[in-house]
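Geometric and topological summary
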Amino acid sequence: MQSIYKSLTKIVDEEFVSNQKEELYIYSQDPGMMEPHEPDFVVMPKTTEEVQEIVKLANKEKIPIVPVGGSLSLSGLVIPHQGGIVVDLRRMDQVLEVNEESRYIVFEAGLTTGKLKAYLEKYHPLLRFSIPDAPPSATVVGNIVIHGQGRLTQQYGFNSDMVTGMEVVLPTGEVCKIGSGSVSPYWFSLAPLPDLAGLFLGWFGTTGIITKMGLKLYPKKKLRDIEVFAVEDPNLVPDVIQRVTHTEMSEDIFTGAQPYPPVFKDIIMIGILLTGDSKEELEFKRKMIWDALQCHIDSKEGGFMMMTPDVKQDLLEMPTSSTTRFADVKKGGGFEYCGPIIPVEKFPEAFTRLLEITKKYGITFGNAGRVIGRSHSMMFSFGYPFNRADPENIERTKNALHDTNVASLDIGGVPWKPEVPAQKMIMEKMDKSTLELMQRIKKVLDPNGIMNPGNWEVE
Amino acid sequence: MMYDYADQIHRCFKCGYCKFSNNYTDFNCPSYNRFRFESYSTGGRLWLIWAWSKGEIEWSEHLANIVFSCAACRNCVEQCPMRFNEDIVDWIIGARSDMVEKGLIPASVGEFLDNIHKYGNPWGMPRNERDIWAEGINRYTIDDDNEYLFYVGCVGSYEKQGQQMAKSVADFLRTTGVSFGILGSDEDCDGNEVLFTGEKGLFRELADKNIEKFKELNVKKIITLSPHAYNSMKNKYGGLGEIKVYHYTQVFSEIINSNNIELSDLNIKVTYHDPCFLGRYNSIYEPPREIIKGIPGVELIEMERTRENSFCCGGGSGNFVFDLLGRSSNSPSRIRVREAYETGAELLIVSCPSCYCMLEEAIKTEGLEEKLMIKDISELVIESIKNK
């Protein structure tokens, strides 16, 4: 092991290589509930060449290697289950190009969503990207490789649908460009080439390490506002979503429900965000949305909520810190969630299962959903705060998480960014030929099985 | 219980907000900037402290370095979205206290505390050299009718930059007719850094000693040179009764405004570095700026990270002496002087002797001596008065 350490210090400046207990401890876990496992080394490269050399070393020595971004999936996707080398990519955080005319950006893999937001606001104020609800320390690439969603997901799909190119270090050490950037200096599109990006999206770093990425940027409107439509009956939610998405007037549509404070009990809120370059544009969109939902207001089944400026500001915030604050509602420092991607019409069933599970385990919950595309699907989050200092509470929450994964698959959904046990549930249910194809692809790309082992693995 | 807050520290989610400035332009945590491992972020540090308190990890020199490398700049308090944000620094001090009690601290921190205990200053300098800079400046006595006690502090007494500051503050007070005196070799450490390194017993001893001295001398008002001393006396001592404490910039601002002090044109572009113990700890952002803007010909160009969002020089919590954040181009002081230089300013202005030492050294290390000067506000004011 000492020789590996020495080899790593020849690749990366010694001050960015550690095999000390404290770094191994911190990189053994994420804020979720998965069992920790320590790596043997943590290394922070600065360049693609350094990543390449680290991967070559790991492949030669057959040591596991785990690429890490913000480490905020909460599902333990970067826990080094078999030890090895954790590659923290966050020193690679430069913006390399912004093309205002073709509206794309190229950046390094360790760039955080917070820094990208600040960068665009400062240098390209008319452009934006789809900011997720994760804390600003989440990396953009990390969010994309787990098929994350963000503020523009209702308009343009998963954040991974916005990728225009990549640079990837393959498990065998080759550096590969994906998309138009492989044949042109411009990273504007994956099409019309064969879509090789799919070999790296949703694979949780088991097929290679993304070192650079091209991403679509979108027009940034001057004004934003929000309306919140409230209903008590979960069966109405799909219809509300249908009606609002039909108008094509909203920026983002999310759902939210929680039992506390009591004023929110039994209410499902549907947040509808609006943007415009003028008050007239904003008011026009608002009117279209109000008109679309007038039938539910007339039937007294739903209505728009009044909001104080503070609440409104909270809901408009990007990234939204209220998501993070959920971890402290029980003063326990943790929350875990399963956020399956489900057909929109399955919202009522998912909601019912959520209430059943929380009742069974005596735990509280927060539900947050986000519409993906024009009602093409939605993420439905079963969120459970837990107390990190209370093992019994953790155990109950773990059991609830297990039941939630089962329920998600039962209703026809697929758990999003699934932790290893949920990955196994998915693979058990998966079409056998599909599963075999996945394993075959993995074997071809990573013959020595060094990349983030434990994930997407059939035992 | 091993230390205060042991039943609360698990509440940190390690979300990482604490690393940033408020608009996310950059990482704003000094130790995370310096080392970049997650272990050196506030969240990482809190998780390690919790792990140590539970016995999941054992104490090590490396763990102690991580815990003591926090400059206690309060950026994390400012940025953390949780309701416990105000407690974060106290949790870290709690862990340090526990390490101090067990004698499990980095050697350099031990030497720092030992020197203060024995000699009243962190370098182990002779007490009788405390006023070596103060030729011609009166001692504060009970018999004289002085308006202010000018509390100079350790950096002001022994470090070259601090002495320059102390001289110009004294010069200004004399020039503007303010009566004051110093304690000279009778002065003791203010104890702010002692408290922040977790030596609560020694801090109480120093605080009580200083309070007793002030009361014996019938002190009514204190001017501190250092924001660190200002913070400890104003917020941590307790027991000062009617004695009022001011940072010198507050007094300067008041005197300049009320006395119509005539200042000459200096024709210079400057930028200003907010010290943590003046800014984030005490919300004193305007008086220094009012003084700077009041000097004719001085153009103040703010750095990207300023006021509540300021980036610490890395000297807080005793690091201006034991410097666990030094020896790297990523050292906070070096990052900060690069940021100051990028504004296009010719002069970096400070109002804290610790920041002065840290940043002047960084300017030299960065090779910016010919491009970026550094001065304290008092020096700038005196220059302006003397040019008249």
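Only a predicted model underlies this, so the values are computations on that prediction, with no experimental measurement involved.

Across its full length, chain A holds 14 helices and 19 strands. Radius of gyration (C-alpha) of chain A: 22 Å, near the 23 Å computed for a compact globule of 459 residues. In terms of overall dimensions, chain A has a C-alpha envelope of 75 × 55 × 45 Å along the principal axes. Long-range pairs, those at least 24 residues apart, make up 69% of the contacts in chain A between residues at least 6 apart in sequence. Put simply, chain A shows about 18200 Å² of open surface, and 55% of that area lies on carbon and sulfur atoms.

The next thing to look at is the domain arrangement of chain B. All names here are of chain B. The assigned domain composition of chain B is domain 1 (9–105), domain 2 (132–253) and domain 3 (261–386). Computed over C-alpha atoms only, the centres of domain 2 and domain 3 are separated by 22 Å. Contacts between the two partners involve 30 residues from domain 2, matched on the other side by 32 residues from domain 3. In this assembly, domain 2 packs against domain 3 so that about 2600 Å² is buried in total across both faces, 69% of it on carbon and sulfur atoms. Here Lys-160 ties to Glu-360 by a salt bridge, and the two come within 3.3 Å at their closest N and O atoms. Taken together, the links from domain 2 to domain 3 amount to 14 residue pairs in polar contact (both at pLDDT 80 or more). Those elements that provide at least two residues to the side of domain 2 that touches domain 3 are α8 (160–175), α9 (192–196), α11 (227–236) and α12 (248–259). When residues in the side of domain 2 that touches domain 3 are grouped by element, the largest group, 10 residues, is from α8.

As a further point, take the packing of helix α7 (residues 237–247) of chain A against helix α8 (residues 279–298) of chain A. All names here are of chain A. At a minimum axis distance of 9 Å, the contact between α7 and α8 shows a crossing angle of 155°. The angle between the axes of α7 and α8 places the two elements in the roughly antiparallel class. At the point where α7 passes α8, the crossing takes the right-handed sense. Of α8, the residues touching α7 (which contributes Asp-239, Val-240, Arg-243, Val-244 and Thr-247) are Met-288, Ile-289, Ala-292, Leu-293, Cys-295 and His-296. Here the residues of the contact of α7 with α8 sort into seven nonpolar, two polar and two charged.

With that out of the way, let us pick up unusual backbone geometry. Residues and elements named next belong to chain A. Residues Tyr-260 and Pro-261 are joined by a peptide bond in cis, for which omega reads -10°. Structurally, the position occupied by Pro-261 is in the loop between β13 (252–257) and β14 (268–276). With an omega of -10°, the peptide bond running from Met-318 to Pro-319 counts as cis. With respect to the helices and strands, the residue Pro-319 is situated in the loop between α9 (309–316) and α10 (321–325). The residue His-147 is not glycine, and still its phi comes out positive at about 60°. Relative to the helices and strands, His-147 resides in the loop between α5 (140–145) and α6 (153–156). His-147 gets classed as partly exposed once you look at its relative accessible area, which sits at 30%.

Residues and elements named next belong to chain A. With respect to burial, strand β18 (residues 366–372) is a largely interior element, six of its seven residues being buried. By the bridge criterion, four bridges tie β13 to β18 in an arrangement that is antiparallel. Note that in β18 the partner of Ala-257 across the bridge is Asn-367. Where β18 meets strand β19 (residues 377–387), seven bridges bridge the pair, whose relative direction is antiparallel.

Residues and elements named next belong to chain A. Strand order in this open sheet of four strands is β1-β2-β4-β3, and the pairing throughout is mixed. Each having just a single partner strand, β1 (17–18) and β3 (65–68) make up the two edges of the open sheet. Sheet topology note: the β1/strand β2 (residues 41–43) ladder contains two bridges and is antiparallel. Bridge pairing in β2 places Val-17 opposite Val-43.

On to the pairing of strand β12 (residues 223–231) of chain A, then. Residues and elements named next belong to chain A. When you tally the buried positions in β12, you get seven out of nine residues, the bulk of the element. Sheet topology note: the β12/β14 ladder contains nine bridges and is antiparallel. Bridge assignment links Val-231 to a residue of β14, and that residue is Ile-268. Across three bridges, β12 lies against strand β15 (residues 302–304) in antiparallel orientation. Across the sheet, Ala-230 pairs through a bridge with Gly-303, a residue of β15.

All names here are of chain A. Inspection of the entire model under this criterion finds 59 salt bridges over all chains. Put simply, Asp-410 and Arg-353 hold a salt bridge, and the shortest N to O gap is 3.0 Å. Pair noted here: Asp-410 is in helix α12 (residues 391–410) and Arg-353 is in helix α11 (residues 347–361), with a separation of 57 residues, a long-range link. Asp-410 gets classed as partly exposed once you look at its relative accessible area, which sits at 46%. Exposure remark for Arg-353: the relative accessible area of 22% places this residue in the partly exposed category.

Another aspect to go through is empty space enclosed by the protein. Residues and elements named next belong to chain B. If you walk through the whole model with that rule in mind, you get nine cavities of 30 Å³ or more. In this structure, the largest cavity encloses a volume near 140 Å³. Lining the largest cavity are 18 residues; nearest its centre among them are Cys-154, Val-155, Asp-190, Glu-193 and Phe-320. Put simply, the parts of the chain that give the lining of the largest cavity at least two residues each are α6 (107–119), α7 (153–158), α9, α11 and α16 (353–365). Looking at the lining of the largest cavity, the element that brings in the most residues is α7, giving four residues. Considering only residue class, the lining of the largest cavity consists of 10 nonpolar, six polar and two charged. Viewed by domain, the lining of the largest cavity spans two of them, domain 2 (132–253) and domain 3 (261–386), each represented by three or more residues. Of the volumes computed, that of the second largest cavity is approximately 120 Å³.

A few words on the packing of α8(B) against α12(B). Residue and element names in this part refer to chain B. Axis separation between α8 and α12 bottoms out at 11 Å; the angle between their running directions is 30°. Classified by the angle their axes make, α8 and α12 are roughly parallel. You can see that α8 and α12 cross each other, and the crossing is left-handed. The segment α8 lies against α12, with Met-165, Val-169, Phe-172 and Leu-173 engaging Tyr-248, Val-251, Phe-252, Ile-255 and Ile-256. Residue composition of the contact of α8 with α12, by class: nine nonpolar, no polar and no charged.

Before going further, it helps to examine the layout of surface pockets. Approximately 970 Å³ is the volume found for the second largest pocket. Along the walls of the second largest pocket sit 26 residues, with A:Gln94, A:Lys115, B:Thr25, B:Asp26 and B:Arg305 positioned nearest its centre. Mapped by element, the contributors of at least two residues to the lining of the second largest pocket are α4 (113–123) of chain A together with α15 (332–342) of chain B. Among the elements that take part in the lining of the second largest pocket, α4(A) stands out by supplying five residues, more than any other. Of the residues in the lining of the second largest pocket, the class split is nine nonpolar, five polar and 12 charged.

As a further point, take α11(B). Residues and elements named next belong to chain B. Taking burial as the measure, the 10 residues of α11 include seven buried ones, the bulk of the element. Within the sequence span of α11, burial applies to Pro-227, His-228, Ala-229, Tyr-230, Asn-231, Ser-232 and Met-233. Of the residues one or two after α11, Gly-238 is the one with positive phi, at around 65°.

The subject of this paragraph is the domain arrangement of chain A. All names here are of chain A. Domain parsing of chain A yields domain 1 (2–88), domain 2 (95–219) and domain 3 (223–410). A separation of 23 Å is found between the C-alpha centroids of domain 1 and domain 2. The interface of domain 1 with domain 2 comprises 13 residues on the first partner and 19 residues on the second. Counting each side, the surface lost to burial between domain 1 and domain 2 is near 1200 Å², with a carbon and sulfur contribution of 72%. It is Thr-48, Leu-72 and Leu-77 in domain 1 that bury the most area against domain 2; as a group they hold 36% of the surface buried on that side. Summed over the shared surface of domain 1 and domain 2, the number is zero salt bridges.

The rules behind each value
Residues numbered from 1 in each chain as written. Chains lettered and ligands numbered in written order. Predicted model: local features only at pLDDT ≥ 70, side-chain atom pairs only at ≥ 80, totals over all residues. Heavy atoms only, no water. Helix = DSSP H or I, 4+ residues; strand = E, 2+ residues; numbered from the N terminus. Rg over C-alpha atoms; globule rule 2.2 N^0.38 Å. Contact = heavy atoms within 4.5 Å. Areas by Shrake-Rupley, 256 points an atom, 1.4 Å probe, with all protein chains shown as cover. Domains from an automatic or database assignment. Buried area = accessible area lost by both parts, 1.4 Å probe. Salt bridge = Lys/Arg side-chain N within 4 Å of Asp/Glu carboxyl O. Polar contact = N/O pair within 3.5 Å; in protein donor to acceptor, adjacent residues only side chain to side chain. Axes fitted to C-alpha atoms, helices over the stretch in contact; angles between N-to-C directions. Parallel < 35°, antiparallel > 145°, perpendicular 65-115°, else oblique. Left-handed = near helix turned anticlockwise from the far one by under 90°. Nonpolar A, V, L, I, M, F, W, Y, C, P; charged D, E, K, R; others polar. Buried < 20%, exposed > 50% of the residue type's maximum accessible area, 1.4 Å probe, protein only. Pairing = 2+ DSSP bridges. 1 Å grid on protein atoms, 1.4 Å probe; cavity = no way out; pocket = protein on both sides within 12 Å on 5 of 7 lines; lining within 4 Å. Points joined across faces, edges and corners; volume = space filled by probe spheres on them.

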